[in-house]
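Close look at the chain arrangement
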Amino acid sequence: MNTKFTKLNITSEFEVYESEKDLSQEDNQLIKKAKEALKNAHAPYSNFFVGAAVLLENGEIVLGNNQENAAYPSGLCAERVAIFSASANFNSIPVKTIAISCKSAQTIIEGPVTPCGACRQVIAEYETKYNKPIRIIMQGETGNVYAANSINALLPLMFNHKYLK
Ligand code: THU
């Protein structure tokens, strides 16, 4: 047996809410905006509609939704549409929170939708850009709502700018 290693255990912490009603007023309003935003998703291929709402430090809210394409890889997730738009339009205003909600035309989504790997990496980039943690609120159609206070919870051991010096 190889014993020439130690083990690194990484834990992540999430707040678990039984209902969006239990969120703070600020978070609750933001998740409602995400839910509204998913109605404008362009998702004719997956029929999976995702909405994202980004709250900036100045109170501005920027919405996004998934935008699909007949050439599948040309589409983009709701989280990246929202956070890129926020950075493009409010370049110097830090991101405070991103809320994500979803709905499927095929099935009921039980429990929270969690951002894909690429979106996690992008959210991480904006924590770096503004040097502030970003709160992430995740909701499905039924079940618990999860919240995390930094992308660290979703993307441990991430690749970041520190490798590029
Ligand atoms: N999608 C998102 O917009 N966000 C996620 O967190 C997961 C997936 C989109 C991409 C695609 O349009 C559809 O959901 C199915 O993958």
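Located above this text is the structure these notes cover.
These remarks concern the structure in this document. Bear in mind the structure is a predicted one, so any value in this text is a computation, not a measurement. (Residues numbered from 1 in each chain as written. Predicted model: local features only at pLDDT ≥ 70, side-chain atom pairs only at ≥ 80, totals over all residues. Heavy atoms only, no water.)

Some thoughts on the packing of helix H2 (residues 78-89) against helix H3 (residues 117-130)
The interhelical angle for the contact between H2 and H3, taken along N-to-C directions, is 20°, at an axis separation of 9 Å. When the axes of H2 and H3 are compared, the pair comes out roughly parallel. Where H2 crosses over H3, the two elements pack in a sense that is left-handed. Residues Glu79, Arg80, Ile83, Phe84 and Ser87 of H2 touch H3, and the partners they reach there are Ala118, Cys119, Val122, Ile123, Tyr126, Lys129 and Tyr130. Looking at side-chain class alone, the contact of H2 with H3 contains eight nonpolar, one polar and three charged residues. (Axes fitted to C-alpha atoms, helices over the stretch in contact; angles between N-to-C directions. Helix = DSSP H or I, 4+ residues; strand = E, 2+ residues; numbered from the N terminus. Parallel < 35°, antiparallel > 145°, perpendicular 65-115°, else oblique. Left-handed = near helix turned anticlockwise from the far one by under 90°. Contact = heavy atoms within 4.5 Å. Nonpolar A, V, L, I, M, F, W, Y, C, P; charged D, E, K, R; others polar.)

Some thoughts on helix H1 (residues 25-37)
Between its first and last C-alpha, H1 extends 18 Å over 13 residues, near the 18 Å set by a 1.5 Å rise per residue. If you check which residues of H1 are buried, you get Asp27, Asn28, Leu30, Ile31, Ala34 and Ala37. Along its buried surface, H1 packs onto strand S2 (48-56), strand S3 (61-65), strand S4 (95-104) and strand S5 (135-138). (Expected span 1.5 Å × (residues − 1). Buried < 20%, exposed > 50% of the residue type's maximum accessible area, 1.4 Å probe, protein only.)

Structural notes on the packing of aromatic side chains
Considering all chains together, one arrives at four aromatic pairs under this definition. An angle of 40° between the planes, with centres 6.0 Å apart, marks the rings of Phe14 and Tyr146 as tilted. Placement of Phe14 in the segment before strand S1 (15-17) and of Tyr146 in strand S6 (residues 145-148) is noted, with a sequence separation of 132 residues between them. What makes Phe14 partly exposed here is its relative accessible area of 29%. Relative to Tyr126, the ring of Phe84 has its centre 6.4 Å away and its plane inclined at 70°; by these criteria the two rings are edge-to-face. Placement of the pair is Phe84 in helix H2 and Tyr126 in helix H3, with a sequence separation of 42 residues. Tyr126 sits in the buried class, given a relative accessible area of 11%. (Phe/Tyr/Trp six-rings, centres within 6.5 Å; stacked < 30°, edge-to-face > 60°.)

Topic: the sheet that holds S3
The pairing of strands in a sheet comes from backbone hydrogen bonds and takes either a parallel or an antiparallel form. Sheet architecture is open: six strands sit in the order S1-S6-S5-S4-S2-S3, paired in mixed fashion. Edge strands, defined here as strands with exactly one partner in the open sheet, are S1 and S3. Mean inter-strand twist for the sheet, computed between neighbouring axes without regard to direction, equals 15°. Alignment of S2 against S3, held across five bridges, turns out to be antiparallel. Residue Leu55 lies in a different strand from S3, and its bridge partner there is Ile61. (Pairing = 2+ DSSP bridges.)

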